Amino acid sequence: MGRLDGKVCIVTGASAGIGRATAELFCREGAKVVAVARREDRLRDLAEECSELPGEIIWHAGDVGDPATAVNMVKKAVETFGKLDIAVNDAGIMDDNTAIADMSDTMLMETFRINTFGLMYGMREECRQYLAQGNGGVIVNICSVGATHQTSGAAYCASKGAVLAATKNTAFMYMEEGIRCNALSPGGVVTDIPLVMPPSDEFGFGRTSMLLNFSGELAMPEDLADAILFLASDQSRYVNGEELKCDGGWTCF
Ligand SMILES: NC(=O)c1ccc[n+]([C@@H]2O[C@H](COP(=O)([O-])OP(=O)(O)OC[C@H]3O[C@@H](n4cnc5c(N)ncnc54)[C@H](O)[C@@H]3O)[C@@H](O)[C@H]2O)c1
């Protein structure tokens with residue numbers, strides 16, 4: 001029996017990295033998954049690759065920074081599978097490691113548009129659906145150790161700090177409605193994210209890269225997916241409003 005048999009899930013950022021590994025693991029565990037990202041071809045490949053697994057994957061292509069994507073992804077889950085049980089808000093980008101004096105307006109706005117506003121648009125629609133259903137639901141927000149430790153630039157770290165605050169606020173607000181909302185903070189993970197990030201600022205990277213001496217071996221996306229499964233499943237039924245760091249001990253210094 002799968003740990004997510006009968007559960008209907010949304011996973012954003014599912015075309016690559018941690019989100020993709022999570023969508024696949026959830027499908028392996030019996031879930032019906034709506035995979036969300038911008039690149040439709042990659043989502044279609046994911047659905048095809050998982051077609052023999054116990055669960056099912058369908059996709060919704062959209063930019064999470066557009067509030068309509070959140071509305072439409074929840075609508076798709078409900079229209080296709082009749083309900084929503086679990087949402088993993090993973091889609092995110094890195095900044096260019098700039099300290100605040102060198103940070104551009106574009107970098108600040110784009111990082112918050114995707115990492116913070118995009119995630120909160122998702123949470124808003126997910127919570128509206130859970131409240132309408134009346135029997136709770138689960139949210140796992142993919143945050144970062146950068147929320148509390150200075151692993152990136154000002155824009156990225158602040159965008160993830162806001163994710164942590166939104167997570168705790170939502171857990172507190174809706175604890176009596178049965179909505180559990182937790183954050184999972186990865187350390188260093190081998191994904192596409194460095195390939196799509198803008199060129200690093202020399203000063204900022206000089207500061208943040210000092211911390212890499214403490215990071216140890218990088219994780220693989222599957223290492224994160226296992227921890228996300230714990231927060232998504234009933235095994236964590238009394239865990240609410242928490243940040244689970246999954247960084248191999250990096251931030252213990
Ligand atoms: N890789 C790391 O070392 C690391 C460390 C800490 C936190 N994180 C966080 O983990 C999450 C996943 O990152 P990853 O490393 O798997 O990166 P990745 O680049 O491999 O995957 C990111 C996913 O988000 C999607 N995405 C990006 N912008 C989007 C948008 N506007 N609309 C819809 N989808 C969008 C991408 O298409 C992709 O599917 C991010 O929130 C990131 O901040 C990653």
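Residues numbered from 1 in each chain as written. Predicted model: local features only at pLDDT ≥ 70, side-chain atom pairs only at ≥ 80, totals over all residues. Heavy atoms only, no water.

Under the UniProt heading Sequence similarities (unreviewed entry), the note attached to the protein is "Belongs to the short-chain dehydrogenases/reductases (SDR) family." (UniProt positions renumbered as here; feature names shortened; annotations may be inferred.)

(A) Layout of the site of the ligand. As a structural note, the neighbourhood of the ligand is formed by 29 residues, with Ser15, Asp63, Asp90, Tyr156 and Thr191 the closest of them. In this structure, arginine 38 approaches the ligand through a side-chain N or O atom, which is 3.1 Å from a nitrogen atom. A distance of 3.3 Å separates an oxygen atom of the ligand from a polar atom in the backbone of glycine 187. Relative to its free-state accessible area of 820 Å², the ligand is covered by the protein chains to the extent of 96%. (Near = heavy atom within 4 Å. Polar contact = N/O pair within 3.5 Å; in protein donor to acceptor, adjacent residues only side chain to side chain. Areas by Shrake-Rupley, 256 points an atom, 1.4 Å probe, with all protein chains shown as cover.)

(B) Highlighting unusual backbone geometry. Not every positive phi belongs to a glycine, and asparagine 97 is a case in point at roughly 70 degrees. Within the fold, asparagine 97 resides in the loop between strand 4 (86–89) and helix 4 (105–133). The class of asparagine 97 is buried, set by a relative accessible area of 4%. (Helix = DSSP H or I, 4+ residues; strand = E, 2+ residues; numbered from the N terminus. Buried < 20%, exposed > 50% of the residue type's maximum accessible area, 1.4 Å probe, protein only.)

(C) Layout of a negative patch on the surface. Residues Glu217, Glu222, Asp223 and Asp226 make up a contiguous surface patch of negative charge. One can find glutamate 222 in helix 8 (residues 221–232). (Patch = residues over 30% accessible without salt bridge, like charges linked within 9 Å, V, L, I, M, F, W, Y side chains within 5 Å. Salt bridge = Lys/Arg side-chain N within 4 Å of Asp/Glu carboxyl O. Lys, Arg positive; Asp, Glu negative; His and termini not counted. Charge placed at Lys NZ, Arg CZ, Asp CG, Glu CD.)

(D) View of the environment of serine 200. The residue serine 200 is located in the loop between helix 6 (193–196) and helix 7 (202–208) in this model. Taking the C-alpha atoms as reference, serine 200 lies 5.8 Å from asparagine 97; in sequence the two are 103 residues apart.

(E) View of the sheet that holds strand 4. Across the sheet, seven strands lie side by side as 3-2-1-4-5-6-7; this open sheet has parallel pairing. One side of each edge strand has no neighbouring strand; the edge strands of this open sheet are strand 3 (56–61) and strand 7 (243–246). Geometrically, the sheet is characterised by an average inter-axis angle of 20 degrees between neighbouring strands, direction not taken into account. Judged from the four bridges that link them, strand 6 (residues 179–186) and strand 7 form a sheet pairing that is parallel. Among the inter-strand pairings, proline 186 is bridged to a residue of strand 7, identified as cysteine 246. Sheet contacts for helix 1 (residues 17–28): strand 1 (8–12), strand 2 (32–37), strand 3, strand 4 and strand 6; angle to strand 1, the most-contacted strand, approximately 165 degrees. Relative to strand 5 (residues 137–142), helix 4 is tilted by about 175 degrees, and along the sheet it contacts strand 4, strand 5 and strand 6. (Pairing = 2+ DSSP bridges. Axes fitted to C-alpha atoms, helices over the stretch in contact; angles between N-to-C directions. Contact = heavy atoms within 4.5 Å.)

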